[in-house]
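Inside the fold
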Amino acid sequence: MVVAACILAAPPVLAQPVPATGVDPAIAKLLAGIRAADKGQLAVSEEDGRFLRVLVGATNARQVLEIGAASGYSAIWIGMGLRQTGGKLTTIEFDPVRAREAAANVQRAGLSDIVKVVHGDAFQEIPKVAGSFDLVFLDAWKPDYKKFFDMVFPRVNPGGLFLAHNVINKKNEMLDFLAAIEKHPMALNTTVSPGHEGISITYKRR
Ligand SMILES: C[S@@+](CC[C@H](N)C(=O)[O-])C[C@H]1O[C@@H](n2cnc3c(N)ncnc32)[C@H](O)[C@@H]1O
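All of the points below concern the structure found in this document. (Residues numbered from 1 in each chain as written. Predicted model: local features only at pLDDT ≥ 70, side-chain atom pairs only at ≥ 80, totals over all residues. Heavy atoms only, no water.)

**Focus on the packing of aromatic side chains**
Here the structure, examined in full by the defined rule, presents 8 aromatic pairs. Geometrically, the ring pair formed by F123 and F148 is stacked, given 3.9 Å between the ring centres and 5° between the ring planes. With a gap of 25 residues between them, F123 in helix 6 (residues 122-125) and F148 in helix 7 (residues 145-152) connect regions that are remote in the sequence. You can call F123 partly exposed: its relative accessible area is 21%. With relative accessibility at 3%, the residue F148 sits in the buried group. Arranged with centres 5.8 Å apart and planes meeting at 75°, the rings of F149 and F177 form a pair that is edge-to-face. Residue F149 is located in helix 7, and its partner F177 is located in helix 8 (residues 175-183); the two are separated by 28 residues in the primary sequence. Taken together through their ring pairs, the aromatic side chains of Y145, F149, F153, F162 and F177 make up a single cluster. The cationic tip of R35 hangs over the ring face of Y73; the distance from NZ or CZ to the ring centre is 5.3 Å. A cation sits over an aromatic face here: K147 above F123, 4.9 Å from the ring centre. (Phe/Tyr/Trp six-rings, centres within 6.5 Å; stacked < 30°, edge-to-face > 60°. Helix = DSSP H or I, 4+ residues; strand = E, 2+ residues; numbered from the N terminus. Buried < 20%, exposed > 50% of the residue type's maximum accessible area, 1.4 Å probe, protein only. Lys NZ or Arg CZ within 6 Å of the ring centre and 35° of its normal.)

If you want it as structure tokens, here you go:
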């Protein structure tokens, strides 16, 4: 009886402890598996992924576009942020095998209601995506960055963000893009480097 009373008074024990990262253990395992299978090292670092998730949540972004999905690693981090804000992500991937992997991984993460994977060339597919964007994450072929910026920045909402990956470790492949964001009259820029590859953040003035 006394033992039973002690059990009743004890705080509930969770079947799965909530990890300090705030990532569901099944999704953490999935993410680790994507990175382990990523022989071409296409995916962003875990730190960059965490940063994207936090930024999406902190800015309350709702309409998000990713250019360059690969196998869906960064899309899952962004999707976890959008689960919090109630938003949606469209992510575009040129390679058919990777696009299928991304869609399967998004489904495994339980994010199919939030993340739409589009297979195709983003230059062709972006005009078919309706509306404007609160946040854009560019992680495609680096010499195309300026062309994507010119195409998409006009569709970023005032107060929204245009992010580009690898602006430190692949800086020399995108010098025209880096010059363009610095001189754009509507842009305020900074660079962060959670995982040492560098992410430019271009804020569109209101
Ligand atoms: C660095 S990887 C993206 C990694 C992904 N963001 C992640 O962290 O998991 C770049 C991807 O962009 C894709 N890509 C390059 N140019 C593209 C284009 N014009 N349209 C769509 N995808 C493109 C490539 O096929 C490649 O899979």
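**Observations regarding the site of the ligand**
With respect to spatial proximity, 20 residues lie near the ligand, and among them S74, E93, R98, A122 and D139 are the closest. Contact between the ligand and V44: an oxygen atom at 2.8 Å from a main-chain N or O atom of the residue. S74 is positioned with one of its side-chain polar atoms (N or O) 2.8 Å from a nitrogen atom of the ligand. Because more than half of its atoms lie within 2 Å of the grid, the ligand is assigned to the largest pocket. Contributing elements (two or more residues each) for the shell around the ligand: helix 4 (73-85) and strand 2 (88-93). Class assignment for the residues of the shell around the ligand results in 12 nonpolar, 3 polar and 5 charged. (Near = heavy atom within 4 Å. Polar contact = N/O pair within 3.5 Å; in protein donor to acceptor, adjacent residues only side chain to side chain. 1 Å grid on protein atoms, 1.4 Å probe; cavity = no way out; pocket = protein on both sides within 12 Å on 5 of 7 lines; lining within 4 Å. Sits in = over half its atoms within 2 Å of the grid points. Nonpolar A, V, L, I, M, F, W, Y, C, P; charged D, E, K, R; others polar.)

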